[in-house]
Amino acid sequence: MTACAPEPEPEPVQLSITEAGGAYLDAVCPVNDAWDERDLAVEQLRLALDAGGESTAAEEMLAEALDDLGAASVRAARALEDTDQVWPAGAAQLVTQVAESLRADGAEAARVMKLAPEKAATLSWPGVAESAETATAARAALGLPADSAAACAERPRPEPPAADVTGTPGEPGTQAPPKDTEKPAVTTSPGATTKPVEGAKP
């Protein structure tokens, strides 16, 4: 009997500029959402500390946001480093640098989680300017908008499956009433001035 030869490994897929832009946004846009949550949590903690009141809820909110940010950053780095795909030549090195920055952000998020609340609320994230510059260059090389929010807003999203709106609520195939998913507004204490929190969005 003749032994069967092992199947050859599939060749990496060469991404076109359009495919690469979509793959990049699929990887990094969840990270940008996590940055928004982190920024909101930091601002809420600052306000709680400035007011001199109870800050436990705000501390827990920041810890959760940092955990989400760290996890999202590592997931995005892995997606960008996927060896099954080949980035366009003009963007490959920049994408690699963005992935390295994301991994650094994941490690930094884990470190900040261990800081005292007062330090976590006033921390300046390291490498923000360099990360932003690299991410902007990567988006340009992939034909994406210079602004990260604009790029993610234009990202095609799959249509949700159609739901059967007939029948009695709770029965199979019946669409449940939509939940209120609006983010809570940032509250301010009298005389307080909110300021944007610096983030390294890719």
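Up top is the structure these notes are about.
Draft legend 1. Geometry of the nonpolar core. Of all hydrophobic cores here, the largest spans 41 residues; its most connected members are Y24, L80, W87, L102, W125 and L142. For this core, the secondary structure elements donating two or more residues are α1 (17-51), α2 (56-80), α3 (89-112), α4 (117-122), α5 (128-141) and α6 (148-153). Of the residues forming this core, the biggest block, 13 residues, is contributed by α1. Excluding residues within four positions of it along the chain, W87 makes contact with Q14, L15, A20, A23, Y24, L80, A92, V95 and L142.

Draft legend 2. Examining a negative patch on the surface more closely. Residues E54, E59, E60 and E118 make up a contiguous surface patch of negative charge. Its place among the elements puts E60 in helix α2. What makes E60 exposed here is its relative accessible area of 53%.

Draft legend 3. Quick look at the side chain of S131. Summarising the element assignment, S131 is placed in helix α5. Among the polar contacts made by the side chain of S131, one reaches the side chain of S101 at a distance of 2.8 Å.

Draft legend 4. Region of interest: the packing of aromatic side chains. A complete count under the given rule lists one aromatic pair for this structure. Consider the rings of W35 and W125, whose centres lie 4.9 Å apart with planes at 80 degrees: the pair is edge-to-face. Separated by 90 residues along the polypeptide, W35 in helix α1 and W125 in the loop between α4 and α5 bring together distant segments of the chain. What makes W35 buried here is its relative accessible area of 0%. Judged by its relative accessible area of 4%, W125 is buried.

Draft legend 5. Expanded view of α1. For α1, spanning 35 residues, the distance from its first C-alpha to its last is 50 Å, which sits close to the expected 51 Å at 1.5 Å a residue. Helix geometry: α1 is bent most strongly at V28, by close to 30 degrees, with proline P30 lying one to four residues after it.

Draft legend 6. Just empty space enclosed by the protein, in detail. With the rule as written, the count across this model stands at one cavity of 30 Å³ or more. Roughly 60 Å³ of internal volume is contained in the largest cavity. Along the wall of the largest cavity there are eleven residues; nearest its centre are V98, S101, S131, A135 and P202. The set of elements that each furnish at least two residues to the lining of the largest cavity consists of α3 and α5. Sorting elements by how many residues they give to the lining of the largest cavity places α3 first, with five residues.

The rules we used
Residues numbered from 1 in each chain as written. Predicted model: local features only at pLDDT ≥ 70, side-chain atom pairs only at ≥ 80, totals over all residues. Heavy atoms only, no water. Core = buried A, V, L, I, M, F, W, Y, C linked by side-chain atoms within 4.5 Å. Buried < 20%, exposed > 50% of the residue type's maximum accessible area, 1.4 Å probe, protein only. Helix = DSSP H or I, 4+ residues; strand = E, 2+ residues; numbered from the N terminus. Contact = heavy atoms within 4.5 Å. Patch = residues over 30% accessible without salt bridge, like charges linked within 9 Å, V, L, I, M, F, W, Y side chains within 5 Å. Areas by Shrake-Rupley, 256 points an atom, 1.4 Å probe, with all protein chains shown as cover. Salt bridge = Lys/Arg side-chain N within 4 Å of Asp/Glu carboxyl O. Lys, Arg positive; Asp, Glu negative; His and termini not counted. Charge placed at Lys NZ, Arg CZ, Asp CG, Glu CD. Polar contact = N/O pair within 3.5 Å; in protein donor to acceptor, adjacent residues only side chain to side chain. Phe/Tyr/Trp six-rings, centres within 6.5 Å; stacked < 30°, edge-to-face > 60°. Expected span 1.5 Å × (residues − 1). Bend = angle between axes of the 7 residues up to and from the residue. 1 Å grid on protein atoms, 1.4 Å probe; cavity = no way out; pocket = protein on both sides within 12 Å on 5 of 7 lines; lining within 4 Å. Points joined across faces, edges and corners; volume = space filled by probe spheres on them.

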